[in-house]
Amino acid sequence: PKANAYDVIFVDLVLPDFSDREGGLRLLEFAKQVAPSVEVIIMTGYGTIHAIKTAMRLGAYDFIIKPPMWDEVLQTVANALAKRQLKGERDELARQVERARAEHRELFDLATRDGLTNLYNYRYLQTQLNTFMNNRCLKGPLSLIMIDADELKTYNDQYGHLKGDEILKEIARVLTSHIRGNDLAVRYGGDEFVVLLLETDKDNAIKFAERCVRLIREYSFDKENPNNKITVSAGIATAPEDATSPEGLMDKADKALYAAKQAGRNQVHAAGQ
């Protein structure tokens, strides 16, 4: 039979076209392989405990002994149909729930992700910073690293903004490949990024930022012009050491980034140092 061609199959255990005395079990097994959701009722005057157990193991809905009481047969078929219908309704509900979840995930991504790099966006950074700092839900310090591509405007002017966009995407990939699962990489805007390191003190944040600066400096962004190297500068601030509010933490990291730029770019500067 075709898959889902039948709702209920009513079959005798002994079938004349089968050589053994339990041909109905073979048909049951075949039906369940073709259409797992079909309900199969087996009827027989010859039925061993082994046959009954095998039928149930293969997925039979019920087992009726001959001579049948036809009221019982009709009730059994009706119950099987009801189960089939209920299962169909549950399956449809599950499909609707999954569609709703997929739509929700899509809408969430549209609202919280940057379209170019697929990193989280500034709006999401704000909500997470507020959650972590105002609710005081972290067990340790929170470090924020602000990263800015050095002189990307010059590169864009020479090679075009499409090339510049590719560099931004590559920087995003470098950052996301080196953060932990509970950390946060964000495109802050333009050619600026933010990495939020949860429960990370300043010393470890500095080590992470220095590693990122080195990896980007050594990365081959432009295969056609391998001598064109891209560098970044990074500023770090740590809560509660440097600030106790999201706005204060962002401001301290921004000033540290400015200090790194003023000191010659391609380096890391931390607030308070």
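Placed above this text is the structure.
Note that this is a predicted model, so its numbers are computed, not measured.

Undergrad: Report on the sheet that holds strand β3 (residues 62-65), specifying residues and quantitative values.
TA: The pairing of strands in a sheet happens through backbone hydrogen bonds and is either parallel or antiparallel. Reading across the sheet, the three strands line up as β1-β2-β3 and stay open at both edges, with parallel pairing between neighbours. One side of each edge strand has no neighbouring strand; the edge strands of this open sheet are β1 (8-12) and β3. On average, each strand axis in the sheet is tilted by 20° relative to the strand beside it, whichever way the strands run. Strands in contact with helix α1 (residues 23-34) are β1 and β2 (39-44); relative to β2, the strand with the most contacts, it is inclined by about 180°. Strands β2 and β3 of the sheet are contacted by helix α2 (residues 49-57), whose axis makes an angle of about 150° with β3.

Undergrad: Account for the packing of aromatic side chains, with residues named and values stated.
TA: Using the criterion set out here, one finds four aromatic pairs in the structure. Aromatic pair Y155 and Y159: ring centres 4.7 Å apart, planes at 40°, arrangement tilted. With Y155 and Y159 both in helix α5 (residues 152-159) and four residues apart, this pair spans about one turn of that helix. For Y155, a relative accessible area of 7% puts it in the buried group. A relative accessible area of 26% means that Y159 is categorised as partly exposed. Here the aromatic cluster, defined as three or more aromatic residues joined through ring pairs, consists of F108, Y120 and Y124. Across the ring face of Y120, the terminal group of R113 is positioned such that the distance to the ring centre comes to 3.9 Å.

Definitions and cut-offs
- Residues numbered from 1 in each chain as written.
- Predicted model: local features only at pLDDT ≥ 70, side-chain atom pairs only at ≥ 80, totals over all residues.
- Heavy atoms only, no water.
- Pairing = 2+ DSSP bridges.
- Helix = DSSP H or I, 4+ residues; strand = E, 2+ residues; numbered from the N terminus.
- Axes fitted to C-alpha atoms, helices over the stretch in contact; angles between N-to-C directions.
- Contact = heavy atoms within 4.5 Å.
- Phe/Tyr/Trp six-rings, centres within 6.5 Å; stacked < 30°, edge-to-face > 60°.
- Buried < 20%, exposed > 50% of the residue type's maximum accessible area, 1.4 Å probe, protein only.
- Lys NZ or Arg CZ within 6 Å of the ring centre and 35° of its normal.

Note that all results are geometric; they support no functional claim without further evidence.
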